[in-house]
Amino acid sequence: MKSPWRFFIVIEALLAIFLLWQLSSNPAMLIMLLFGVLNIYLALRRHRRRKFQLILGSVILIICLVNSPATWLMLIFAVIFLGLKGFEIAGISMPNHSLKNKKSIVMVETTDPTSHNGERKKQSWIGNDRIGTQVFEWDDINVAILAGDTIVDLGNTLLPKEDSIVIVRKGFGRTRILVPYGIGILFEHATLYGKVDFDEDTQVLRNETIKMYSEDYDESPRRLKIVTNTLVGDVEVIRV
């Protein structure tokens with residue numbers, strides 16, 4: 001089974017456990033649920049009044065389920081996940097298999113500086129995004145998204161000789177940040193569940209925070225602070 005589908009099944013299973021806990025903590029709702037299931041069971045075994053009992057049991061079961069927030073969370077997550085997988089099947093997904101194989105020597109083009117009068121940019125809640133596909137003048141990056149894959153490619157810009165920062169806040173999805181060699185990195189991450197890959201060190205976090213430094217952080221004239229926060233999802237910091 002592929003990793004995204006395993007991730008989907010695990011999250012849905014956790015939400016199902018949460019649903020059972022909510023129902024068990026409400027005796028009246030639990031009795032209604034059991035009554036509905038019993039009617040469906042008897043309707044499937046009997047020939048008389050089968051249709052009436054089946055409809056009655058189904059209505060009771062639906063009423064019990066829609067009154068639980070966990071049911072809606074399961075549906076919302078399923079719609080988001082299947083929607084994103086649909087984009088990938090249609091060929092709209094971003095390339096993700098060759099990032100670690102990029103050459104270590106990157107030729108960075110230059111671009112004319114722009115005026116700094118402030119900027120307001122609309123962000124999508126859901127979807128895949130890649131920052132840095134073209135040459136751009138460096139400015140601190142701050143990204144917030146509900147769900148989707150995100151790539152931040154710093155190979156097409158030149159970081160100044162001072163501290164720079166990249167902030168990514170996300171609900172669900174994979175995050176990859178491509179950083180050129182010669183830049184010292186301070187990496188801070190907090191997540192409910194996810195894998196972290198930084199300088200060939202891979203760790204799995206479960207409701208934890210972590211702070212990591214690259215080996216050249218103290219000596220490097222250019223430093224980058226990466227701050228990421230996710231509910232569920234993997235984060236990779238890749239040297240290019």
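Thresholds applied
Residues numbered from 1 in each chain as written. Predicted model: local features only at pLDDT ≥ 70, side-chain atom pairs only at ≥ 80, totals over all residues. Heavy atoms only, no water. Pairing = 2+ DSSP bridges. Helix = DSSP H or I, 4+ residues; strand = E, 2+ residues; numbered from the N terminus. Buried < 20%, exposed > 50% of the residue type's maximum accessible area, 1.4 Å probe, protein only. Polar contact = N/O pair within 3.5 Å; in protein donor to acceptor, adjacent residues only side chain to side chain.

1. Topic: the pairing of strand β6 (residues 184-198)
Next, step 1: Here nine bridges tie β6 to strand β8 (residues 223-232), and the two strands are oriented parallel to one another. Bridge pairing in β8 links Y193 to V232.
Next, step 2: Looking at chain direction, β6 and strand β7 (residues 201-213) are connected through 12 bridges and run antiparallel. Pairing of Y193 across the sheet is with R206, part of β7.
Next, step 3: Between β6 and β7, which follow one another and run antiparallel, lie two residues, and D199 among them has a positive phi close to 50°.

2. Describing the side chain of D153
Next, step 1: Here D153 lies in strand β3 (residues 150-153).
Next, step 2: Accessibility expressed as a relative area gives 3% for D153, which makes it buried.
Next, step 3: There is a polar contact of 2.9 Å between the side chain of D153 and the backbone nitrogen of G155.

3. Considering the pairing of β3
Next, step 1: Side-chain alternation along β3 places T150 and V152 on one buried face and I151 and D153 on a second face that is also buried.
Next, step 2: Of the pairings in the sheet, the one linking strand β1 (residues 129-131) to β3 comprises three bridges and is parallel in character. Within the sheet, the bridge partner assigned to I131 lies in β3 and is V152.
Next, step 3: Of the strand pairs in this sheet, β3 and strand β5 (residues 175-179) are connected by four bridges, and their pairing is parallel. Residue pairing across strands places I151 opposite R176, the latter belonging to β5.

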